[in-house]
Amino acid sequence: MSRETVADSLYARVRECDLCPLARTRTHAVPGEGPLTAEVMFIGEAPGMNEDRQGRPFVGQAGQLLNELLASAGLTREGVYICNVLKCRPPNNRDPLPGEIDACRDYLDEQIALIDPRLIVTLGRFSMARWFPGQSISRIHGKVREIDGRMVVPMYHPAAALHQQSLRETIIHDFEALPAILEHWRAERASAAAAEAFASATGTIGATSSQMRLFE
Ligand code: SF4
């Protein structure tokens, strides 16, 4: 089955989903969007009012800032995959509830498996908690960890920068580091591939990498 077919099926299930009470208050579910082969995946919290109206992620003011942040990192909106932990808007933009996150979790799992990104950027504490439970975003934002073969970088949600000017420079700084992180990853992969080719050609055994590392 092609990636497109899998994605179409996933998006259709999300749009018809009634696994949690948010199905009753949403206008449109917001499955996510972007190339299915994207290297970078951004995961926010939940749709807001504009996203709920349009059925697309990050289209309001926070989306405008996200577009600017992407540009500062040399990325384009069309080149990355964007989705949320929750696919439906919580009323009045309240925080997602644990039961809603649990109910929606399989969709995000499927998206990550389908896109298979090299780099996941979590935007806000609810997506951060999936990989870094119990951590404080003020302490670990912008720090890269390698988890299960991909890099994960927690960042503040762009909406936080809209409401708190002091966070704006922080989030800009974190985004500007993304090209170096990707370059580092590509160099490591190339080096690992070369070592594997050498080991294969000579019959030696290559070194294994750790499951979880921190790039400072
Ligand atoms: S938030 Fe997720 S689990 Fe709840 S109705 Fe929407 S798609 Fe289904």
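My aim in this report is to walk through the structure given alongside it, one point at a time.

Rules behind the numbers
Residues numbered from 1 in each chain as written. Predicted model: local features only at pLDDT ≥ 70, side-chain atom pairs only at ≥ 80, totals over all residues. Buried ≥ 20, exposed ≤ 12 C-beta atoms within 10 Å, placed from the backbone. Helix = DSSP H or I, 4+ residues; strand = E, 2+ residues; numbered from the N terminus. Pairing = 2+ DSSP bridges. Near = placed C-beta within 6 Å. Nonpolar A, V, L, I, M, F, W, Y, C, P; charged D, E, K, R; others polar. Expected span 1.5 Å × (residues − 1). Arc of directions from axis to C-beta. Contact = placed C-beta atoms within 7 Å. Core = buried A, V, L, I, M, F, W, Y, C linked by C-beta atoms within 7 Å.

## So, the pairing of strand β1 (residues 40-44)
So, point 1. Buried residues dominate β1, accounting for 5 of its 5 residues.
So, point 2. Burial of β1 is two-sided: the residues Val-40, Phe-42 and Gly-44 facing one way and the residues Met-41 and Ile-43 facing the other way are all buried.
So, point 3. The sheet contact formed by β1 and strand β3 (residues 119-123) spans 4 bridges and is parallel. Bridge assignment links Ile-43 to a residue of β3, and that residue is Thr-122.

## A look at the site of the ligand
So, point 1. Around the ligand, 14 residues are found, and the nearest of them are Cys-17, Cys-20, Lys-87, Cys-88 and Cys-104.
So, point 2. Of all the elements, helix α4 (residues 98-115) adds the most residues to the shell around the ligand, at 3 residues.
So, point 3. Tallied by class, residues from the shell around the ligand come to 11 nonpolar, no polar and 3 charged.

## What about helix α3 (residues 61-72)?
So, point 1. In this model, α3 (12 residues) spans 17 Å end to end at C-alpha, consistent with the 16 Å of a helix rising 1.5 Å per residue.
So, point 2. Considered for burial, the residues of α3 that qualify are Ala-62, Gly-63, Leu-66, Leu-69 and Leu-70. When α3 is viewed along its axis, its buried side chains cluster within an angular range of 115 degrees and face the same direction. The exposed set on the far side of α3, more than 90 degrees from its buried face, consists of Glu-68 and Ala-71.
So, point 3. Residues of α3 that are buried in the fold lie against α7 (158-163) and α8 (165-176).
So, point 4. Of the residues flanking the end of α3, it is Gly-74, one or two places downstream, whose phi is positive at about 75 degrees.

## Topic: the nonpolar core
Taken as a class, soluble globular proteins show a tendency for nonpolar side chains to be buried jointly.
So, point 1. If you look at the biggest cluster of nonpolar residues, it comprises 45 residues, and the most contacted ones within it are Phe-42 and Val-85.
So, point 2. Where this core is concerned, the elements lending two or more residues are β1, α3, β2 (81-84), α4, β3, β5 (150-155), α7 and α8.
So, point 3. The element contributing the most residues to this core is α4, with 6 residues.
So, point 4. Residues within four places of Val-85 in sequence aside, it is in contact with Ile-43, Glu-45, Ala-46, Pro-96, Ile-101, Cys-104, Leu-108, Phe-126 and Ser-127.

## A closer look at unusual backbone geometry
So, point 1. With phi around 55 degrees, Asn-92 is a residue other than glycine that occupies positive phi space.
So, point 2. As for its position among the elements, Asn-92 is in the loop between β2 and α4.
So, point 3. Unusually for a residue other than glycine, Asn-93 sits at a positive phi of about 60 degrees.
So, point 4. Summarising the element assignment, Asn-93 is placed in the loop between β2 and α4.
So, point 5. Among the residues examined, Asn-93 registers 13 C-beta atoms within 10 Å and is labelled partly exposed.

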